[in-house]
Amino acid sequence: MIPKINSILYATDLSENSAYAFRYAVNSALKHDAKIHILHVQDRIPASVEAMLKTHSPTESWEEYAKAKTEEMKKYIKKRLEAFCRREFKDNPTFMDRVASIEVIDGDPAGEILQKVDETGADMAVMGTHGKGLLAHAFLGSVAEKVLHRIKIPVFIIPIPKETDIILSEI
Amino acid sequence: MIPKIKNILYATDLSQNSPFVFQYAVDLAEKYDAHIYLLHIMEKAPLISQDYLFKDSSLGKALRAEIEKERVGAVNRIKKRMEDFCIRNLKARAFLLKRVKIQVIEGHPASDILGKVDELKPDLLVMGTHSKVFLTHAFLGSVAKKVLDRIKIPVFIIPIPEKTDTSFRDVREFIDIYPVRILKRTGKIARYLNSRKHERRR
């Protein structure tokens, strides 16, 4: 017998790969009568890009400006994820109750995913193999690999399918 | 499009941790009414012994024949062992036994797992993070990593729980799978040929 699965962490980078992986998360949640915690981690801007942006910053205080913009972005992404869920659950609106939380954090993706696993006490995780930076022949994506190195719970790793009916709106 | 899980491939090294990983494959088979391919890949003998074995001498030929006989015996022994493994670990869910198909091949773990995925076309692969019992401190076992780099189907990857005992017992279990007689014989060949080498010099 396996340990009971009550909580599933679904990590997304908003790519088509992640959207497809969501269906596995939902399937698992239904089979185990579990809740899903959705997490998106915004990668930090590289220092070089930040330096460039600072020189063209519209206001004197870059820190405040960056912070405000980041918060705006997080809210927007959260709304987008909610809309994504509603679309996925079009035929079964009650499934929405299975989504325990939708969170957008900024930081190091792998680190934040692992932290979220601990925080939510997830019994299982679901994620895609690759994100947006995809080459058809590429090896396992760096975030997936880093997470797998340290995660202590089972993980569903979902590659991009050959065909899919997923339609994502533009960000 | 609802994900389909009708056939599951579980690649096992039959080590001490495999019952734990097997339970996840069994759970999936139960919940999705799926079949399980239980696959074990026998690693080929180390290259150096094969080198001696394929030397074109009467000794080599005789040994080759005997090793071949041993190898077939080993495959059958492992198949039997896997059947016992299923019965032991399914316990109350014996009805699932008829949904398990046992596969044993000799080859290289990572590439042959991928080969079997292409051949059997399962909907999902289940495996543990570590497949070589000796390297339990590695973060992600080498076989798991090589498979994940190339795989085109979903993988359910099961970390080995920390509190598992990883003592010397693992090594003995590993050796138990492969006929000790073959391992001993390769040592004998090396010593024999070494002794002959001194004679030829004179």
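Above: the structure in question.
Throughout what follows, the structure given in this document is the object of discussion.

Conventions used here
- Residues numbered from 1 in each chain as written.
- Chains lettered and ligands numbered in written order.
- Predicted model: local features only at pLDDT ≥ 70, side-chain atom pairs only at ≥ 80, totals over all residues.
- Helix = DSSP H or I, 4+ residues; strand = E, 2+ residues; numbered from the N terminus.
- Buried ≥ 20, exposed ≤ 12 C-beta atoms within 10 Å, placed from the backbone.
- Contact = placed C-beta atoms within 7 Å.
- Pairing = 2+ DSSP bridges.
- Axes fitted to C-alpha atoms, helices over the stretch in contact; angles between N-to-C directions.
- Parallel < 35°, antiparallel > 145°, perpendicular 65-115°, else oblique.
- Left-handed = near helix turned anticlockwise from the far one by under 90°.
- Nonpolar A, V, L, I, M, F, W, Y, C, P; charged D, E, K, R; others polar.

## Observations concerning the overall build of chain B
Part 1 of the argument: Along its length, chain B carries seven helices and five strands.
Part 2 of the argument: Across the 202 residues in chain B, those meeting the buried criterion constitute 27%.
Part 3 of the argument: A separation of at least 24 residues holds for 77% of the contacts in chain B among residues at least 6 apart in sequence.

## A few points about the sheet that holds strand S5 (residues 155-158) of chain A
Part 1 of the argument: Strand order in this open sheet of ten strands is S3(A)-S2(A)-S1(A)-S4(A)-S5(A)-S5(B)-S4(B)-S1(B)-S2(B)-S3(B), and the pairing throughout is mixed. Edge positions in the open sheet fall to strand S3 (99-106) of chain A together with strand S3 (100-107) of chain B, since each of these has one partner strand only. This sheet shows a mean twist of 20° between the axes of neighbouring strands, independent of strand direction.
Part 2 of the argument: Sitting on the sheet, helix H4 (residues 109-120) of chain A is in contact with strand S1 (7-12), strand S2 (35-42), S3 and strand S4 (124-128) of chain A, with an inclination near 155° to S2 of chain A.

## So, the packing of helix H4 (residues 109-120) of chain B against helix H5 (residues 142-150) of chain B
Residue and element names in this part refer to chain B.
Part 1 of the argument: With their axes 8 Å apart at the nearest point, H4 and H5 run at an angle of 40° to one another. What the angle tells us is that H4 and H5 run oblique. As H4 runs across H5, the sense of the crossing is right-handed. Between H4 and H5, the contacting residues are Pro 109, Ala 110, Ile 113 and Leu 114 on the first element and Val 143, Lys 146, Val 147 and Arg 150 on the second.
Part 2 of the argument: By residue class, the composition of the contact of H4 with H5 is six nonpolar, no polar and two charged.

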